[in-house]
Amino acid sequence: VSYAPLQADNTQFTVNLLTRISTQLENLHTGLDSANSTATPLSPISLAFQPSIPAIWVNSLWFLSLVVSLASAFLGILVKQWLREYMKWNATLGDPKENVLVRQIRYEDWNDWHVDAVISAMPGLLELAVIFFVVGLVILLWTVEFAVALTVTVAVAMFLLLASFLLTAPVFFKR
């Protein structure tokens, strides 16, 4: 079974269309005029498409994973720029008193902007992106193949349990 997320299944549309063409050709062959035909009219071909719930979940989780990982990468670039500017406080040809004042201003701005919290949040964003991705992968696999889905679900569950333990272990263990 191939999986194409959020794409309409054209099988029923194709069957309806071919049935309509066949009926029209049959009417032409038997000499029935379509205006005077007593044949029952075919129901109109429905073009409405509603994606399946698993397809919506998979696409939502994968796009969330993409957005969160890109946000983490963007924050990483910003932090690198902030660090580069922060470290420029010691101008070799500048007045030492002026250098210290620039350094103090940048230090206060560093604290006011909570740059350390932004740096600390970046690994958490990447971890969240990985979780979104693997959960989307598990949902996708359950729509495709049972044996593969079961195997990957067990592996992902073990991974998530280990990750949860490692993330919460510092709360319970001082060392």
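Note that the structure is a prediction, hence the values are computed from the model and not measured. (Residues numbered from 1 in each chain as written. Predicted model: local features only at pLDDT ≥ 70, side-chain atom pairs only at ≥ 80, totals over all residues. Heavy atoms only, no water.)

### Regarding the pattern of salt bridges
Moving on, step 1. Counted according to the given criterion, the structure contains one salt bridge.
Moving on, step 2. As a salt-bridge pair, R84 and E85 come within 3.9 Å of each other at their nearest N and O atoms.
Moving on, step 3. Judged by its relative accessible area of 46%, R84 falls in the partly exposed class. (Salt bridge = Lys/Arg side-chain N within 4 Å of Asp/Glu carboxyl O. Buried < 20%, exposed > 50% of the residue type's maximum accessible area, 1.4 Å probe, protein only.)

### Some remarks on the packing of helix α2 (residues 53-86) against helix α4 (residues 115-144)
Moving on, step 1. Relative orientation of the contacting elements α2 and α4 amounts to 160°, with a least axis distance of 8 Å. As the angle between them shows, α2 and α4 are arranged roughly antiparallel. With respect to the hand of their crossing, α2 and α4 are arranged in left-handed fashion. (Axes fitted to C-alpha atoms, helices over the stretch in contact; angles between N-to-C directions. Helix = DSSP H or I, 4+ residues; strand = E, 2+ residues; numbered from the N terminus. Parallel < 35°, antiparallel > 145°, perpendicular 65-115°, else oblique. Left-handed = near helix turned anticlockwise from the far one by under 90°.)

### Overview of the environment of F63
Moving on, step 1. Looking at the element boundaries, F63 is found in helix α2.
Moving on, step 2. Overall, F63 belongs to the exposed group, its relative accessible area being 52%.
Moving on, step 3. For the pair formed by F63 and G136, sequence separation is 73 residues and the distance between their alpha carbons is 9.6 Å.

### What about the environment of L70?
Moving on, step 1. Note that L70 resides in helix α2.
Moving on, step 2. Classification of L70 as exposed rests on a relative accessible area of 52%.
Moving on, step 3. Along the sequence, L70 and L126 sit 56 residues apart, while their C-alpha atoms lie 8.9 Å from each other.

### Considerations on helix α3 (residues 96-112)
Moving on, step 1. The first and last C-alpha atoms of α3 sit 24 Å apart over 17 residues, in line with the 24 Å expected at 1.5 Å per residue.
Moving on, step 2. Immediately downstream of α3, the backbone of H114 shows phi near 55°, a positive value. (Expected span 1.5 Å × (residues − 1).)

### A word on the packing of aromatic side chains
Moving on, step 1. Scanning the model with the defined rule gives three aromatic pairs in all.
Moving on, step 2. Ring geometry for W142 and F146: centres 5.5 Å apart, planes at 65°, overall edge-to-face.
Moving on, step 3. Taken together, a centroid distance of 6.4 Å and an interplanar angle of 65° make the contact between F165 and F173 edge-to-face.
Moving on, step 4. Judged by its relative accessible area of 46%, F165 is partly exposed. (Phe/Tyr/Trp six-rings, centres within 6.5 Å; stacked < 30°, edge-to-face > 60°.)

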